Amino acid sequence: MKRIAGHPESLVPVQSKYCGGCGHGIIHRLICEIIDEMGLRAKTVITNPVGCAIWADLYFDTDTVQPPHGRTPAAATGIKRVLPDHLVICYQGDGDLAAIGTAEMIHAANRGEKFTTIFVNNAIYGMTGGQMAPTTLVGQKATTAPRGRDPVEAGMGYPIRVLEMISTLEGTRYLARGAVNNPGNVRKVKGYIRKALEAQMAGVGFTMVEILSQCPTNWGMDPIKSVEWLENNMIPFYKLGEVKDEIEAVKASGTATVAGGEK
Amino acid sequence: MSGNSPEKILMKGNEAIAEAAIRAGCTAYFGYPITPQNELIAWMADKLTDMGRVFIQAESEVAAVNMVYGAAAAGKRAMTSSSSPGISLKQEGISYAAGADLPFVYVNIVRGGPGLGSIAPAQSDFNQSVKGGGHGDYRVIVLAPSSVQECADLTYLAFDLADKWRMPVLILGDGVIGTMMEGVTLPPMRDLASLPDKSGWAVGGLYKTGRAARHITSLDLVPAELEKKIFNRFDRYKKMADEETRFEEIQCADADLVIVAYGTSARVSLGAVEEARKAGLKVGLFRPISLFPFPADELDRLAKAGKRFLVVEMSMGQMADEVRLSIHDRAPVDLVAHAGGVVPTEEEVFAAAQKILGIEPAKVQGGKK
């Protein structure tokens, strides 16, 4: 009998440490469902970030590597280059990816590294307790922006649209942004991740899926309110959809290189 | 150059390190340009990609060392290299690798510091090298070549030591050692299939055996558990020190005065020892080759035998402190120290030796008083 629902094999069946209403759990599950569907659990290495998803190695039942804060794309580069036939996923939050690890992310993207970055954007620092992130919206409050992010007077700068910024880099081949605020969007995110992971295994180049995600605890609201806040504030600024898709063009050009075995 | 050529060829120290690393089975090299080690990264760029191995010029020293972290976690022999300011940046990844018990080799061709300092040869990263260098309690194995031949031999050895003891190994050279040319006999090319099997701990290849998933990390939020790991690591360092302490003694047996120096300072000091012997003075040279583990017991043995010491270093007494600790203040320790990229001269070392032995030095041309 074919199983049509159940707990993904790649996801450890434990209670997670994530707060109620947090999006990480949904995103972990989506990744694991796709790994299972692609039959790649035993050929997957995930680099987990510093931030709330530092715990990802408790939940992914795949090999994982924990690099320093922001250096996940560099470590993932090292792993994928020596294990080119493996599925390598670089899981990062907004502070890890767009603040301390900006250089590593941009240059990995520019080199067209053939791993996939899953970028969880909840517009706040979670693990350290609600500080301003590079993606915190203008006016949004944080412990380090107690009167709201003020880009000019207080010199806090503006929220960064990462996908649009890196879309000019030729090494980037698939960039998509989704959200896990409702079942329809969750399904779309799953489609984006699947497309990115399949593109990785086809060797087309750098792929990233950004996922807008709720952080009720550090936004200071209950989970339902946080979903509404994401819809009313984040989605208008961080437009959902595929920002760049050159997968078929790269395949047609014959420059996609399907990886061989280990170095 | 043929694969296993036994003949001597002329190479720079930086090139010998690079070629020896390739022959030791270095599968992946990640680096960032900095003087005076640029011949090393260029050699890797020229060779590795054509061999089907991995070469990346990274966007920064920080990125380079974390690429090494990833490749080492995947069980491959990996290396990075730099010079002093770049090595400071790499300390993050080295600390994480020490905390995750990852083996790799890194090279510091030291230049004058602090800060941007100079690009001239120095040894002022001694303390940083032998005490760990980054945050947290850890050590790395530190090997200090004093010739181009030793650049090749110690780099070749470094990969084996890294794998044997599951820890980073540092090749500590300086601007003279890295850029001078000498004849060198290169070690044989290792077949990658003959390298140590790391399937017992590395990530990747789970499909081959169906083993449990593995997590490589330096994180442990339970203090008692983390402490236990660190205690175990330091037990391993102690065992490693028993087996891997390396040094060279030249004419120490009958010496009244033992000069202690490594790397370029040792080359200069050897000339001073020869001058002293010609003058009938009983002076010897003790050259630490492993700076961690430091040959403390061997120095103490010499101290117990009644010898006194002159440390010659291109840093402000950093190694002299280590010598004093080693001999428990049993004997006087004098110092010739230079900094900022200045290399000591044979004449001034000879003059210092004469002075210590109570002989009025002859007028020395250009020597330091």
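Residues numbered from 1 in each chain as written. Chains lettered and ligands numbered in written order. Predicted model: local features only at pLDDT ≥ 70, side-chain atom pairs only at ≥ 80, totals over all residues.

S.K.: Any chance you could explain the overall build of chain A here in plain terms?
M.R.: Regarding its fold elements, chain A presents 10 helices and seven strands. Computed over the C-alpha atoms, the radius of gyration of chain A is 18 Å, within 12% of the 18 Å expected from 2.2 N^0.38 for a compact globule of 263 residues. When the backbone C-alpha atoms are referred to their principal axes, chain A occupies close to 55 × 45 × 30 Å. Residue burial in chain A is summarised as follows: out of 263 residues, 52% are buried. The contacts in chain A between residues at least 6 apart in sequence include a share of 69% that link residues at least 24 apart. (Helix = DSSP H or I, 4+ residues; strand = E, 2+ residues; numbered from the N terminus. Rg over C-alpha atoms; globule rule 2.2 N^0.38 Å. Buried ≥ 20, exposed ≤ 12 C-beta atoms within 10 Å, placed from the backbone. Contact = placed C-beta atoms within 7 Å.)

S.K.: How do you make sense of the domain arrangement of chain B when you look at a structure like this?
M.R.: In many analyses, interface size is given as the accessible surface area lost on bringing the parts together. Residues and elements named next belong to chain B. Taken domain by domain, chain B consists of domain 1 (8-194) and domain 2 (248-356). Between the C-alpha centres of domain 1 and domain 2 there is a distance of 27 Å. Contact residues are listed per partner, giving 25 residues for domain 1 and 23 residues for domain 2. Among the secondary structure elements, those contributing two or more residues to the side of domain 1 that touches domain 2 are helix H5 (126-130), strand S6 (141-143), strand S7 (169-174) and helix H7 (175-179). Considered class by class, the residues forming the side of domain 1 that touches domain 2 number 13 nonpolar, nine polar and three charged. (Domains from an automatic or database assignment. Nonpolar A, V, L, I, M, F, W, Y, C, P; charged D, E, K, R; others polar.)

S.K.: What is the right way to look at the environment of A:Glu242 in this model?
M.R.: Among the structural elements, A:Glu242 can be located in strand S7 (residues 241-245). Spatially, the C-alpha atoms of A:Glu242 and A:Glu210 are 10.0 Å apart, while their sequence positions differ by 32 residues.

S.K.: How should the nonpolar core be read in this particular structure?
M.R.: One recurring pattern in soluble globular proteins is that nonpolar side chains are buried together. Counting residues in hydrophobic clusters, the biggest one holds 191 residues, and the most contacted among them are A:Ile79, B:Val68 and B:Ile259. Examining the composition of this core, we find that 11 residues originate from one element, helix H6 (residues 148-165) of chain B, more than from any other. There are two domains that each give this core at least three residues, and those are domain 1 (8-194) and domain 2 (248-356) of chain B. Every residue in contact with B:Ile259, bar those within four places of it in the chain, is listed here: B:Ser269, B:Ala272, B:Val273, B:Val283, B:Leu285, B:Leu310, B:Val312, B:Val349 and B:Ala353. (Core = buried A, V, L, I, M, F, W, Y, C linked by C-beta atoms within 7 Å.)

S.K.: Before we go on, may I ask you to explain the sheet that holds strand S11 (residues 257-260) of chain B in this structure?
M.R.: Across a sheet, strands are paired by hydrogen bonds formed along the backbone, either parallel or antiparallel in direction. Residues and elements named next belong to chain B. Within the open sheet, the five strands sit side by side as S10-S12-S11-S14-S15. Their pairing is mixed. The strands lining the two open edges of the sheet, one partner per strand, are strand S10 (247-250) and strand S15 (333-337). Across the sheet, the mean angle from the axis of one strand to that of its neighbour is 20°, orientation sign disregarded. Two strands pair when backbone bridges link them, and S11 and strand S14 (residues 308-313) are joined in this way by four bridges, in the parallel orientation. By the bridge assignment, valine 260 is partnered in S14 with valine 311. In the packing of helix H10 (residues 263-278) onto the sheet, contacts are made with S10, S11, strand S12 (283-288) and S14, and the angle to S12 comes to roughly 165°. (Pairing = 2+ DSSP bridges. Axes fitted to C-alpha atoms, helices over the stretch in contact; angles between N-to-C directions.)

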